[in-house]
Amino acid sequence: MSFGDNSLLPIVYGDHDRFLKIIEKKMNVSIITRGNFLKISGAESMVKITGELLETLFKNVQKNNFLDEGEVHGMINLYRESRNGASKKIENIDSLSFTAGKKLIKPRSKKQVDYFNLVKKKNLVFCCGPAGTGKTYLAVALAVSMLKTGQIEKIILSRPAVEAGERLGFLPGDLKEKIDPYLRPLYDALNDMLSFSEVLKKIENGMIEIAPLAFMRGRTLSNAFIILDESQNTTSIQMKMFLTRLGENSRMIVNGDLSQVDLPSGTKSGLRESMNILKDIEDIGFIEFEEKDVVRNPLVSKIVGKYEEFERIQGVGDKYKKK
């Protein structure tokens, strides 16, 4: 295959052909370059899909003059998961892409495509999955996009301030300074999409509110995009309280990872319980990400996989011990 504009190829190929090497490994093909020509060798089906993948990456670079490793891995995931009719499925991604402040957000796995579609249709979505699948980042991006386009009036971001091996009281400072470390992932996602000054301004004028879960009691949240992060660490009472805050013209996303519950032993996770109780309500969306959907550093996917494998083996061992 060949490309029309040689000047863009260094971006498509990556430094020292880094992106091509990633594609070769993930798609199980061999790629040889000669000027603006490129030869792909391997199984016929994978060669075809790899060609389509490279054409898509080239078009994206033509539009944005930019390509990063995350997008390369994301596009590889999408093409590998849709080997039949890949082109048709990939075309739909542009319609799902949106701008969140200074960032162009695109789905990076088939499950993220499903997530985007689900959030469009449902006012309340439960999203579960391991670290690195984009749960928090995508939710904040959707919220920023809707705020920028005037579909909502404010963003409310919340997390339970549950201690994971460190006592809250031992942290320095006043209440706000003690709580801020728990909310840092939400600040990080916001700062990736909006300038620091814009985040501060919107917090000051109330358009963005970041608060611990305990501060939600007694409120009705209307015309808002509400995100509860780390919801596996809510109790049953806290989860019921939070879900019943949903007001008119509002959307709510509840994120969590049931493999990382930090509640005291014997305390039920409000996330697990609420998903069981509400599973038959059609107006509520449920989606679960898996290890293969990790879009953070590829090493994270391997780490998550190894821990899941260890926990499965450990679970079997514990079961036999109990018997």
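Keep in mind it's a predicted model, so treat the numbers as computed, not measured. What you see as residue numbers is a count from 1 along each chain, following the sequence as written. Local features in this predicted model are restricted to residues of pLDDT 70 or higher, and side-chain atom pairs are both shown and tallied only at a pLDDT of 80 or more, whereas totals for entire chains, interfaces and linings draw on every residue. Hydrogens and water molecules were not included; the side-chain quantities draw on all heavy atoms of the structure.

Draft legend 1. A look at the overall build of the protein chain. The helix and strand inventory of the protein chain stands at 12 helices and 10 strands. For every residue, the accessible area (1.4 Å probe, protein chains only) is compared with the maximum for its type, and the residue is labelled buried under 20%, exposed over 50%, or partly exposed between those bounds. Counting across all 323 residues of the protein chain, residues that qualify as buried make up 46%. Here the analysis covers contacts within the protein chain between residues at least 6 apart in sequence; of these, 71% occur between residues at least 24 apart. Methods summary: accessible areas were calculated by the Shrake-Rupley approach with a probe of 1.4 Å, and residue burial reflects only the protein chains presented. Per element, the accessible surface of the protein chain, about 17500 Å² overall, is 51% carbon and sulfur. Helix and strand definitions here come from DSSP, where helices need a minimum of 4 consecutive H or I residues and strands a minimum of 2 consecutive E residues; each element is numbered from the N-terminal end. In this description, contact between two residues means that some pair of their heavy atoms is separated by no more than 4.5 Å.

Draft legend 2. How the structure looks around the side chain of Ser274. Turning to its location among the elements, Ser274 is positioned in helix 11 (residues 270-278). Note on Ser274: relative accessible area 6%, which makes it buried. Leave out the neighbours within four places in its chain, and Ser274 touches Phe126, Met239 and Leu243.

Draft legend 3. Looking closely at the pattern of salt bridges. Only one rule defines a salt bridge in this text: a Lys or Arg side-chain nitrogen within 4 Å of an Asp or Glu carboxyl oxygen. A full pass over the atoms with the stated rule returns 12 salt bridges. Here Asp114 and Lys110 are joined by a salt bridge, their closest N and O atoms 3.0 Å apart. Linking Asp114 with Lys110, this pair stays in helix 6 (residues 110-121), spanning four residues, or about one helical turn. For the salt bridge of Arg159 with Glu230, the shortest nitrogen-to-oxygen distance reads 3.7 Å. One end of the pair, Arg159, is in strand 6 (residues 154-159); the other, Glu230, is in the loop between strand 8 (224-228) and helix 10 (236-243), with 71 residues separating them in the sequence. Members of the salt-bridge network, linked through shared partners, are Lys148, Glu198 and Lys202.

Draft legend 4. Seen up close, helix 7 (residues 135-148). To estimate how far a helix should extend, the number of its residues minus one is multiplied by 1.5 Å. The terminal C-alpha atoms of helix 7, which comprises 14 residues, lie 20 Å apart, in line with the 20 Å expected from a rise of 1.5 Å per residue. Helix 7 sits mainly inside the fold: 12 of its 14 residues count as buried. Among all positions of helix 7, only Lys135, Thr136, Leu138, Ala139, Val140, Ala141, Leu142, Ala143, Val144, Ser145, Met146 and Leu147 are buried. Directly beyond the C-terminal end of helix 7, a positive phi value near 80 degrees is found at Gly150.

Draft legend 5. Representation of the nonpolar core within the structure. As used in this record, nonpolar core signifies buried Ala, Val, Leu, Ile, Met, Phe, Trp, Tyr and Cys residues forming a set joined through side-chain atoms within 4.5 Å. In terms of nonpolar packing, the biggest core is built from 65 residues, with Ile23, Met27, Tyr115, Val140 and Leu190 touching the most fellow members. Discounting chain neighbours no more than four positions away, the residues touching Val140 are Leu157, Leu186, Ala189, Leu190, Met193 and Ile227. Counting residues in each nonpolar core, the second largest holds 21 residues, with Leu221, Phe242, Val254 and Ile284 among its members.

Draft legend 6. Structural detail: the pairing of strand 9 (residues 251-256). Strand 9 sits mainly inside the fold: five of its six residues count as buried. DSSP-based pairing: two strands are paired if at least 2 bridges between them are found. Strand direction decides the pairing type here: strand 5 (residues 124-128) and strand 9, joined by five bridges, are parallel. In the sheet register, Cys128 faces strand 9, and the bridge partner there is Gly256. Bridge analysis of strand 8 against strand 9 gives four bridges, and the strand direction is parallel. Across the sheet, the residue bridging to Phe225 is Arg251, located in strand 9.

Draft legend 7. Inspection of unusual backbone geometry at higher detail. Located in the positive-phi region is Asn223, a residue other than glycine, with phi close to 50 degrees. Within the fold, Asn223 resides in the loop between strand 7 (208-212) and strand 8. Look at Asn223 and you get partly exposed, because its relative accessible area is 25%. Even without being a glycine, Glu230 presents a positive backbone phi close to 55 degrees.

Draft legend 8. Local environment of a positive patch on the surface. Taken together, the side chains of Lys25, Lys26, Arg80 and Lys302 present a region of like positive charge at the surface. You can see Arg80 is positioned in helix 4 (residues 69-81). Residue class for Arg80 comes out partly exposed when judged on its relative accessible area of 36%. Patch rule: a residue counts if its relative accessible area is over 30% and it has no salt bridge; like charges are joined within 9 Å, and nonpolar side chains (Val, Leu, Ile, Met, Phe, Trp, Tyr) within 5 Å. Asp and Glu count as negative and Lys and Arg as positive, but His and the ends of the chain are not part of the count. To locate a charge, take NZ of a lysine, CZ of an arginine, CG of an aspartate or CD of a glutamate.

Draft legend 9. Broad picture of the state of the cysteines. A pair of cysteine sulfur atoms is labelled a disulfide when the two atoms are within 2.5 Å. Counted under the stated rule, the structure contains zero disulfides. No disulfide involves Cys128; its nearest neighbouring cysteine sulfur is the one of Cys127, lying 6.9 Å away.

Draft legend 10. Seen up close, the sheet that holds strand 10 (residues 284-288). If you walk across this open sheet you meet the six strands as 7-6-8-9-5-10, and the pairing is parallel. In this open sheet, the two strands that pair with only one neighbour each are strand 7 and strand 10. Each strand axis lies, on average, 15 degrees off the axis of its neighbour in the sheet, ignoring direction. To define axes, lines are fitted to C-alpha atoms, for helices over the stretch in contact only, and angles between the resulting N-to-C directions are given on a 0 to 180 degree scale. Against the sheet, helix 10 engages strand 5, strand 6, strand 8 and strand 9, with an angle of about 155 degrees to strand 9.

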